[in-house]
Every structure is written in C-alpha cells, then in structure tokens.
Amino acid sequence: MGGPSSGRPPDVPAQPVPPRPDAPAPPPAGPSPVLAEVVRSGFVEGVHRGSVVVLEADGSVAWSLGEPDRPVFPRSANKPMQAAAILRAGLDLAGERLALAAASHSGEPFHLELAERMLTEFGLSADALQCPPDLPLDPVEAEQYLASGQVRRPLTMNCSGKHAAMLAACARNGWPLDSYLDPAHPLQLLVRETVEAAAGEPVAALGTDGCGAPLMALTLPGLARAFAAFVRAEPGTPERRVADAMRAHPEYVAGTRRPDTWLMRALPGALSKMGAEAVQAVALPDGRALAFKVDDGATRALGPVLARLLERLGYAGETATRIGSAPLMGGAVRVGEIRAAF
C-alpha cells in the first residue's frame, strides 16, 4: 500500500459492517441469457451471459433480461454516489475536481496532475493514498508510462481521484486519515447512506473494492434508479452537482479513449459509468435509465452490449457504432467480432 497503515495486519481484511436485517438475500443464480457472442471466422467460439434492466422515465421497469433483481457489486459504477457523499461531508468540489472524484481515470497526464494538485490543495501528499500502486488503466498510457521509466504508484491507480477527495473530506472534518477506508469510518457510513438513498433500496452486501474502499451491492434496478435520481435531482444538490460535473468533464471521469467519455460527449444530458467485472449504468437524456452486468466479468463485452441497448432505446448512430466495435484479430487481420446477441 502507498499510504499510512490502518492498524490492521496486512494479511487480515477489514471486517465489513453487516448488512441491515431487512437487506434482501441474493436469490439462487439461474442460467442467464446470452448477451454477447464471440464470433471468429464465422464460428461462435464463446458467449457472455448476463442480466439487463431498462427503466422508464417514471422509474418503472420497461423490460429486462436475466435476473436483474439478483444483487451485484457495481464496482466503480458506485463512484457517483461516493462522490455525492464526499460533498455531503462538506468538501467543496466542482468542475474537473468533482468529475475526477467520481472517476475511473485512464492515467493520462492531466488526470495524474489534477489528482496530485487536489492533494496539495488540501495539505495532503500522495503518501496518504491507500489505493494500491498500479499502472495507468489505458493500455496506450501504460506503455508510454513504462517507456518513460516510471513505476507503479498509488497516484497512477484509476481510483486515485476518488481517494484524494475522500482524504480531503476527512481532513476537512477532522476525521482519521489512516482508517478512511474502514467501513465503520464516518465517511464510509455516509457513503452507505447516500448509496441507499439514491438506489431506493438497502445495501444487499458489503465487500472490498479493488482500490480498497468499501463496496456496496445493489440490484440492477437499484443501480439504474440511482443514476436516474442523480440526473433528476434539483440543481445545487450533491447528486445533481456530481451528475453535472461528470457530464461537463467526461474526459476526467474516464479518458480520451473511453466509451463513457464518448457517450456523454455525444448525448448531452446522459450520465454513464462503467465498473470492473463488466458492470455498466447509464441515465439517458430522456429520463430513462439502464444497468447491466456480464456474469463472467468480461469487460470486452461491455461495448457491444451497451451499443445494442442504445440502439434499442433509439440512440443508434455513429457513437453507438464506435462503442460497439469489438473486433477479433487473426494475426494482423480482422477475422471476427464480439457482437450483441439480443
């Protein structure tokens, strides 16, 4: 870890706060429908199964596939709610800084420079970050980073903007910095309240995300409701401030070569955020919202599935085509693709 110790032995995970008694237990997993096919040389060599939900503007379920009510870990799709909790804690962030607080950034120079600047502005240093050392998330950036002689750092990890903002909120409130990732920490309790309020349901399970932060499970309808709630929130509220910052500065939420950025640039008013293990949530400009999870966690299926959903919802076009492009190569020649199957 790159930051101060939380006081726990390094090989003992933090013990999460138990779910509330009224939290729903995940139902038994059944066979999920095929969302995407892997087609090589005209032959289907594999499939990706999963679940989808689409909500109407009034919050009702328009249609679904699979088991959308089975809770999932949204992973980084929870970041807008975490950023709203940081605002609720009294930290005054706006613009690119607030977008970076909700980001899974690509590790481009402008991401790293702003994350470091945010720490400095609040009297902190990169040594306080407790996200793990990592390379830039974007493969192009990772190659350039390594070629320049750099090594893995917590600052380079895609969640460093969120961690910088969490630390700054703790510093502002006089809360402990060394335990800011503990589920019982005041900030993380506020995150849980914010997640549940936005989703309109209790957190189904607690875990630990790849960056070390507490991770809160929701159903896909709950995740879609949360995104819709952020774009419908009154101006000036923490939720609307986060949504507005993400939509105004999508390059800081993702990166210059990322689908979330392309979608929010092409559809003004849309709010989009992917999560690890192939989770995606989107609130559309017309008030509808969607969320899906690919069961095997294959992020290569995200683009084709998202593109098909956009097309089915009336947003076909150049951006959907760009998002859905997932070629398979044979040597240096395109010989197939990953394509949506619904």
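Residues numbered from 1 in each chain as written. Predicted model: local features only at pLDDT ≥ 70, side-chain atom pairs only at ≥ 80, totals over all residues. Heavy atoms only, no water.

Enquirer: I keep staring at the overall build of the protein and nothing clicks. Help me out?
Expert: Tallying secondary structure elements over the protein gives 12 helices and 10 strands in all. A globule of 342 residues ought to have a C-alpha radius of gyration of about 20 Å, and the protein, at 19 Å, matches this closely. With the C-alpha coordinates of the protein rotated into their principal frame, the extents come out at 60 × 50 × 40 Å. Per-residue burial for the protein yields a buried fraction of 53% across its 342 residues. Considering only residue pairs separated by 6 or more positions, the protein has 64% of its internal contacts joining residues 24 or more positions apart. With an accessible surface of roughly 13800 Å², the protein has 54% of that area assigned to carbon and sulfur atoms. For the protein, the separation between the mean place of its 32 positive charges and that of its 37 negative charges on side chains is 2 Å. (Helix = DSSP H or I, 4+ residues; strand = E, 2+ residues; numbered from the N terminus. Rg over C-alpha atoms; globule rule 2.2 N^0.38 Å. Buried < 20%, exposed > 50% of the residue type's maximum accessible area, 1.4 Å probe, protein only. Contact = heavy atoms within 4.5 Å. Areas by Shrake-Rupley, 256 points an atom, 1.4 Å probe, with all protein chains shown as cover. Lys, Arg positive; Asp, Glu negative; His and termini not counted. Charge placed at Lys NZ, Arg CZ, Asp CG, Glu CD.)

Enquirer: Help me understand the nonpolar core in this model?
Expert: For soluble globular proteins, nonpolar side chains are generally found buried alongside one another. Residues Met 81, Ile 86, Leu 93, Leu 223, Phe 230, Val 242 and Leu 271 are the most contacted members of the largest nonpolar core, which totals 72 residues. Looking at which element gives the most residues to this core, the answer is helix H7 (residues 220–232), with eight residues. Among residues more than four places away in sequence, those in contact with Met 81 are Thr 194, Val 195, Ala 198, Leu 218, Leu 223, Ala 226 and Phe 230. Counting 31 residues, the second largest nonpolar core, distinct from the first, contains Leu 267, Ala 278, Leu 306 and Tyr 315. (Core = buried A, V, L, I, M, F, W, Y, C linked by side-chain atoms within 4.5 Å.)

Enquirer: Sorry, what's going on with the packing of aromatic side chains here?
Expert: The relative placement of two aromatic rings is captured by the distance of their centres and the angle of their planes. Inspection of every chain in the model, using the stated rule, returns one aromatic pair. Considering the side-chain rings of Phe 110 and Tyr 252, the 4.9 Å spacing of their centres and the 75° angle between planes classify their relative orientation as edge-to-face. Remark: Tyr 252 occurs in helix H9 (residues 250–253) and Phe 110 occurs in helix H3 (residues 109–121); sequence separation between them is 142 residues. Residue Tyr 252 is classed as buried on the basis of its relative accessible area, which comes to 18%. Seen from the ring of Trp 63, Arg 312 lies directly overhead, with NZ or CZ sitting 4.1 Å from the centre. In this structure, Arg 322 is placed above the aromatic ring of Trp 262, and the distance from its NZ or CZ to the ring centre is 3.9 Å. (Phe/Tyr/Trp six-rings, centres within 6.5 Å; stacked < 30°, edge-to-face > 60°. Lys NZ or Arg CZ within 6 Å of the ring centre and 35° of its normal.)

Enquirer: What is the right way to read the packing of H3 against helix H5 (residues 160–173) from this model?
Expert: The relative placement of two packed helices comes down to the angle between their axes together with the axis-to-axis distance. In contact at an axis separation of 9 Å, H3 and H5 are set at 10° when each is read in the N-to-C sense. By the criterion of interaxial angle, the relationship of H3 to H5 is roughly parallel. Residues Ala 115, Met 118 and Leu 119 of H3 pack against Ser 160, Gly 161, Ala 164, Ala 165 and Leu 167 of H5. In terms of residue class, the contact of H3 with H5 is built from six nonpolar, two polar and no charged. (Axes fitted to C-alpha atoms, helices over the stretch in contact; angles between N-to-C directions. Parallel < 35°, antiparallel > 145°, perpendicular 65-115°, else oblique. Nonpolar A, V, L, I, M, F, W, Y, C, P; charged D, E, K, R; others polar.)

Enquirer: I tried to follow the side chain of Asn 78 on my own but got confused; where do I start?
Expert: Along the chain, Asn 78 falls in the loop between strand E3 (61–65) and helix H1 (79–88). For Asn 78, a relative accessible area of 3% corresponds to the buried category. If near-sequence neighbours (up to four positions away) are discounted, Asn 78 is found in contact with Leu 215, Met 216, Leu 218 and Leu 223.

Enquirer: Teacher, can you tell me more about the confidence of the model for the protein here?
Expert: Close reading of the predicted structure is inappropriate where its pLDDT is low. Taken over all residues, the pLDDT of the protein has a mean of 93, while the share at 70 or more is 91%. Counting interchain partners and residues more than four positions distant, the pLDDT-below-50 stretch residues 1–21 has 36 contacts. (pLDDT = per-residue confidence, 0-100.)

Enquirer: Which parts of the structure should I look at to understand the environment of Ala 254?
Expert: By the element assignment, Ala 254 lies in the loop between H9 and helix H10 (259–266). Along the sequence, Ala 254 and Ala 147 sit 107 residues apart, while their C-alpha atoms lie 22 Å from each other. Setting aside its immediate chain neighbours within four residues, Ala 254 contacts Ser 104, His 105, Ser 106, His 111, Asp 260 and Thr 261.

Enquirer: Help me understand the pattern of salt bridges, please; the structure alone is not making it clear to me.
Expert: Side chains that differ in sign of charge can pair as their charged atoms come close. With the rule as written, the count across this model stands at 19 salt bridges. Residue Arg 75 pairs with Asp 209 through a salt bridge whose shortest N-O separation is 2.6 Å. Of this pair, Arg 75 sits in the loop between E3 and H1 while Asp 209 sits in the loop between strand E4 (206–208) and strand E5 (214–216), and the two are 134 residues apart along the sequence. The residues Arg 75 and Asp 209 share a single accessibility class, namely buried. Here the residues in one salt-bridge network are Glu 67, Arg 70 and Asp 295, joined through shared partners. (Salt bridge = Lys/Arg side-chain N within 4 Å of Asp/Glu carboxyl O.)

Enquirer: Can you help me understand the packing of H1 against H5 in this one?
Expert: Running from amino to carboxyl end, H1 crosses H5 at an angle of 25°, the nearest separation of the two axes being 10 Å. When the axis of H1 is compared with that of H5, the two are roughly parallel. Here the hand of the crossing between H1 and H5 comes out left-handed. Here H1 contributes Lys 79, Gln 82 and Ile 86 to the contact with H5, which in turn contributes Lys 162, Ala 165, Met 166 and Ala 169. Of the residues contributing to the contact of H1 with H5, the split by class is four nonpolar, one polar and two charged. (Left-handed = near helix turned anticlockwise from the far one by under 90°.)

Enquirer: Just to check I follow, could you spell out H1 for this structure?
Expert: Side chains that are three or four residues apart share a direction in an α-helix, a result of its 3.6 residues per turn. Counted residue by residue, H1 has nine buried out of 10 residues, so it is predominantly covered. If you check which residues of H1 are buried, you get Lys 79, Pro 80, Met 81, Gln 82, Ala 83, Ala 84, Ala 85, Ile 86 and Leu 87. The first or second residue beyond H1 is Gly 90, which carries a positive phi of 100°.

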